[in-house]
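# Fold and geometry: a report
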Amino acid sequence: MASQSQTVQEKGVEWTAIVLTCQYKDSVYAFQRELEIRRQKNLIPPGVVLLTVEDPKSHVGSGGATLNALLVVAEHLSAKAGYTVVTSDVLQTAHILIVHMGRDFPFDGCGRAFTCLPLEGPGMSPTVEALVCNIDVLLHTMTHKVAVGAPPGVWVCSTDMILSVPTLPEICWDGFKGVKVVSVPGSVSYAQNHGVYSIDQEGFVCDIIYQGTKEQINKCVQPDGKVPLVSGIVFFSSETAEKLLSTHVIPPLDACTYMGLDSGAKPIQLSLFFDILLCMARGITEEEFVHGQSKYCSNKDGKEATSLKNARALLWKEIRGIPLRIAYIPEGVYSYMTMSSEDHIQNLTQQTAVSSSFVFHQLAYSHVTHPELLSVGCSVVNSLLEGEVTVESQSAIQHCHLQGPLEIGKGCLLIGLDVSSSLSLRGCHLSDIIIQAHYIRLRDMWLKVFTIFGLHDDLQKPYTEDTASYLNGKWSEFFERTGIRSGDIWGSGVPESDQCLLSAQLFPVFHASEPVALEDVLWFLGSEVFTRQDHLQKWNSSWRMSLRQMLGCLDQEALLESRREIFFSRAQRKAREILLERKDDSLLPLIRAAVNEGYEQQLLDTIDHVASRAEDPGVAARALACIADILGCMARGHGGLRSGPAANRAWSPALQLLEGGDVAQGVEALREERTRWLSRPDLLVRAARHYEGAEQILIRQAVMSACCFVTITETHLPSVSLWVIAECPARIDVSGGWSDTPPITYEHGGAVVDVAILVDKCKPIGAKVRRISEPKLKLVSASGVRDGELVTETVCETLEDLQDYCQPHSPGALLKAAFICTEVIIYPSKTSLQDQLMQRFGGGFELHTWSKLPHGSGLGTSSILAGAVMAALYSATGKSYNTDSLIHAVLHLEQILTTGGGWQDQVGGLVPGVKIGRSKAQLPLRVDVEQLSLPEGFVKTLNEHLLLVYTGKTRLARNLLQDVLRNWYARLPAVVQNADSLVANAEECAKAFSKGDLLQIGECLNTYWQQKKCMAPGCEPQAVKKMMDALQPHVYGQSLAGAGGGGFLYLLTKEANQKEAVRNILANTEGLGDFSVHDVDVDLSGISVAFSSSEDTTDAGSR
């Protein structure tokens, strides 16, 4: 049951609609876009109806806003269902969430809902980077905690609080109908300034008390010593929601909706809690409710009071008797977002765990060049702090771009300041000060203006009161310091009781001849940097507004855009830092964020710059891979698969520049061509493929650095017609594979344990070469297939015949590449092939290769064959080499062949026995091999317990490789962690071999198979899974060889000599297809090279 509830919690509520209510018409577009962006980021599922609804009239109250929102969403759902009129039927199966933005908030121009918090998430590895706003926490809490398991209905959630629900609450929904309010515990002292539920023993609400007396609140204390606070969350069952909706056509409640106002009704103000819900409370009588003092009755004229009483009478008639129950969450924590600066800064700096999905970060999505200058207890959100910027504890900086040297003292809040403000700030000692930039719109003017006040100032306290303050001092001190008079900021029409900081017209917004800047309010502090007379004169001649007036003129679109600009400026710096410093952080969440919010071009420009100037080809390759990811994201899931061809002629000039080593010009040519491929999803995907092709060129150049570890010396030239025969075992990779694959191997470091093996008692891979008198290359390739041998012959008489050496699927491509890599043939060259051969060797070469293994075996055939061919060619042309050089030479060959392989295959087949190969995270790429010393008799034990099973499935390593490299370059956290685990498991496996511990080797092998599946999902075909399931009880460990996907399965059996037993088990398992079982012996000689004058060497591969 626990796992089932966890699954339900992870999935969350499948909302039918989410409705956001806001006060102002001009805010609707900005907030609707914010919801849509969250949908694009998959924070809200794609099928949810998203609506942003303007309150029908300002100050309609939470009840009026709820009723209006319910009407609007019912209209949309009715239209979506094909109805031509509003019908409550659409509510019967709907899960609706109404989120109220509430009133203006002096500390954030986008209100409490979009106040950014010092959190990152959701989850430890978000798929998209995004600032965490209060609404995001509430949406996550509602979707994955509070509303889980609820029946269809309507949830209403306020955004005026920060709510923490750490675990899935136990709320009973069995047969529920009516209304349920969600409550969290609070202290009696805290409750005196907030709302409290009075409940009976059955959990029914008897009364709702707001700012009650201590005696009233004490009566509400629960057994845990706490009182149930009004949290702002309410659930209406679908039946109750239908009843509530039906009131929208009945006067005077129709005046709460846009439809009533459009019909000429006079608006009324209605509270969700103290009008609608209080009507259902058990302890309230009709007389108390209808004729009692409403929360909104004060300062109402006779008509308004009468209208409200009529509305209450109607509510009593329509919804009285609906059960109102409480859902009390003991672990919940509630923090109301008050008008107090001290409370707000505390919310921004305290490390309170909101939920397991969000993590507190002192630096949340910020770039700080000197983080050591930040004190414990401060927070920085969505900001750039460049240079020496000191921030003391209990201070918060949000959406700022500041340049030091700056000192921000304790108790400060800076919001929205840009670089131009830094110079002004340097002359001020800031402590307990709140400074904000605001974006306002006045008719056709868009303005950026500034406000300043003190941490301890009460915004609403009349200035004439003794305890009133401005900038933390008495108003009289401010007037004396600045020369400003009270009459300058409060006109004669402002009542004395309203002459407070909130209404004070202190802040310049426009001047006829000079721009308004931060210093136009900073001079209020009295710093010597600012001359009083000049600033007072400008202040007097400026058009000024109060904070209250500004909050009614805010331009939320401009404000949100300014936040995005800072966020993506920081993102550009982060991308540059991660790439240049080779960090294992994923850029994919940042890329998705940029594409979702229209900032992909800025990110492309940044990564172009990194790629073009990177001295390390590995850094440039990763940068190009990131550009491919950006283009792929821009296609938004359309346009086809990411993997595909990358040889369109339009891209050839750019790719040729990269091939020639001119990275800067190549990247610029790629950028220029890219501009022609941005108009459609299919073009974007094709462009992404070509960037991945460009990335492969740079990977090849990075890996070719291994050539410096190839040492070849001259020796005697064998006689004409003397065969040089090289034979090799196959290999099985027992742990660590994929960590040897470029670029993983030189960016992360790799370790692989391989075993050289004979298959059915023979070395299955080989090559033979001899000099011939004719100046040509005769190439013969034979590969074993299940029903016989496939032989291809190729003759090269000109250099043009070699030009397809870099196309792996062309006939003889590997052999041609080997001639070029060993420098037997110089290509390209002005000297013809025949002249080269005659001048250097007096004739040509005949080269034969063979493999007794099926295509896609997973046993390292192609790389080992390359090693055999190169060894034979070196020997046939009078050159001496060692195995270490051969390993690195094969790396070079595979890069010019463009197959892009790692080093484990040639290590496995060229070096005898059991060994571990290692590479460090560096260039040039060097592979070090350690042959493991096994206990006496353990080789015989391995031979008795190892078996190969051919699965009958052909492996498609190319597609697997593309996916793995794409995921590695994206630095997906699971892939990076898996790379760490691959290397660690290889080291453990090597120890197990050295100890002769079959059981531990089997455990390492099983671990390795799981790691392979993590690295390359899809590498386990269904038939192979059936095979492995059938064999699992009989083996210590098993894995598909190589990359997986097919080929050979190798087993470490529990009992010795189990070939027939394994064959019988598989024969009795349905759905396996054509399989075969093969003997395995550990090969103790590795590559062997011999000379023979005999013409009959056709069976060399069987010896």
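Note that the structure is a prediction, hence the values are computed from the model and not measured. (Residues numbered from 1 in each chain as written. Predicted model: local features only at pLDDT ≥ 70, side-chain atom pairs only at ≥ 80, totals over all residues. Heavy atoms only, no water.)

### Considerations on helix H4 (residues 134-146)
A rise of 1.5 Å per residue sets the reference length of H4, with its 13 residues, at 18 Å; its end C-alpha atoms lie only 16 Å apart and thus fall more than 12% short of the reference. Of all 13 residues making up H4, 13 are buried, and the element is well covered by its neighbours. (Helix = DSSP H or I, 4+ residues; strand = E, 2+ residues; numbered from the N terminus. Expected span 1.5 Å × (residues − 1). Buried < 20%, exposed > 50% of the residue type's maximum accessible area, 1.4 Å probe, protein only.)

### Some thoughts on the environment of Val-1035
Mapped onto the secondary structure, Val-1035 falls in strand E39 (residues 1035-1040). For the pair Val-1035 and Arg-918, spaced 117 residues apart in sequence, the C-alpha to C-alpha distance is 28 Å.

### Description of the nonpolar core
Judged by nonpolar contacts, the single largest core of 236 residues is most densely connected at Trp-155, Leu-624 and Phe-993. Beyond its immediate stretch of four places on either side in the chain, Phe-993 contacts Val-734, Val-753, Val-755, Val-914, Leu-932, Leu-934, Pro-935, Phe-938, Leu-942 and Ile-1001. Counting residues in each nonpolar core, the second largest holds 76 residues, with Leu-413, Leu-459, Trp-475 and Leu-522 among its members. (Core = buried A, V, L, I, M, F, W, Y, C linked by side-chain atoms within 4.5 Å. Contact = heavy atoms within 4.5 Å.)

### Quick word on the sheet that holds strand E20 (residues 401-403)
Taken together, three strands build an open sheet; the order of strands is E15-E17-E20 and the sheet is parallel. Edge positions in the sheet fall to strand E15 (367-368) and E20, since each has one partner strand and no second. Across two bridges, E15 lies against strand E17 (residues 384-386) in parallel orientation. Counterpart to Val-368 in the pairing with E17 is Leu-385. On the sheet, helix H19 (residues 556-580) packs against E15, E17 and E20 and is oriented at approximately 60 degrees with respect to E17. (Pairing = 2+ DSSP bridges. Axes fitted to C-alpha atoms, helices over the stretch in contact; angles between N-to-C directions.)

### Some details on the packing of helix H27 (residues 813-821) against helix H29 (residues 861-876)
Between H27 and H29, whose axes approach to 10 Å, the crossing angle comes to 45 degrees. Accordingly, the angle class assigned to the pair H27 and H29 is oblique. When you trace H27 past H29, the crossing you get is right-handed. Contacts between H27 and H29 involve Leu-814, Ala-818, Phe-819 and Cys-821 from the former and Ser-862, Ala-866, Val-869, Met-870, Leu-873 and Tyr-874 from the latter. Looking at the contact of H27 with H29, its residues break down into nine nonpolar, one polar and no charged. (Parallel < 35°, antiparallel > 145°, perpendicular 65-115°, else oblique. Left-handed = near helix turned anticlockwise from the far one by under 90°. Nonpolar A, V, L, I, M, F, W, Y, C, P; charged D, E, K, R; others polar.)

### Description of the pattern of salt bridges
A complete count under the given rule lists 53 salt bridges for this structure. The partner of Arg-680 in a salt bridge is Asp-682, with the nearest N and O atoms 2.9 Å apart. Note on Arg-680: relative accessible area 41%, which makes it partly exposed. We classify Asp-682 as partly exposed; its relative accessible area is 26%. Ionic pairing is found between Arg-731 and Asp-754, a salt bridge with its closest N-O pair at 3.9 Å. Of this pair, Arg-731 sits in strand E29 (residues 730-735) while Asp-754 sits in strand E30 (residues 750-759), and the two are 23 residues apart along the sequence. The exposure class assigned to Arg-731 is buried, which follows from its relative accessible area of 2%. Via salt bridges that share partners, Arg-33, Glu-34, Arg-38, Lys-41, Asp-136, Glu-561, Arg-564 and Glu-597 belong to a single interconnected network. (Salt bridge = Lys/Arg side-chain N within 4 Å of Asp/Glu carboxyl O.)

### Structural notes on unusual backbone geometry
Between Pro-251 and the following residue, Pro-252, the backbone shows a cis peptide bond with an omega angle of 0 degrees. Examined against the element boundaries, Pro-252 turns out to sit in the loop between helix H7 (238-246) and helix H8 (258-262). The residue after Pro-742, namely Pro-743, is reached through a cis peptide bond having omega 5 degrees. Relative to the helices and strands, Pro-743 resides in the loop between E29 and helix H26 (744-747). Backbone geometry at His-399 places phi at a positive 55 degrees, although glycine is not the residue there. Along the chain, His-399 turns up in the loop between strand E19 (396-398) and E20. Non-glycine residue Arg-971 carries a positive phi angle of around 50 degrees. For Arg-971, the location among the structural elements is in the loop between helix H33 (957-969) and helix H34 (973-995). Owing to a relative accessible area of 2%, Arg-971 belongs among the buried residues under this scheme.

### Thoughts on the pairing of strand E8 (residues 195-199)
Of all five residues that make up E8, four are buried, and the element is covered over most of its length. Bridging between E8 and strand E9 (residues 205-210) involves five bridges; their strand directions are antiparallel. Residue pairing for E9: Gly-195 is matched across the bridge by Tyr-210. Taking the residues that link successive antiparallel strands as the turn, the E8-E9 hairpin has five residues, and the phi of Gly-203 there is positive, at about 90 degrees.

### Here's the deal with the side chain of Asp-629
Positionally, Asp-629 belongs in helix H22 (residues 617-634). Exposure remark for Asp-629: the relative accessible area of 6% places this residue in the buried category. Polar side-chain contacts of Asp-629 include one of 3.3 Å to the side chain of Arg-642. (Polar contact = N/O pair within 3.5 Å; in protein donor to acceptor, adjacent residues only side chain to side chain.)

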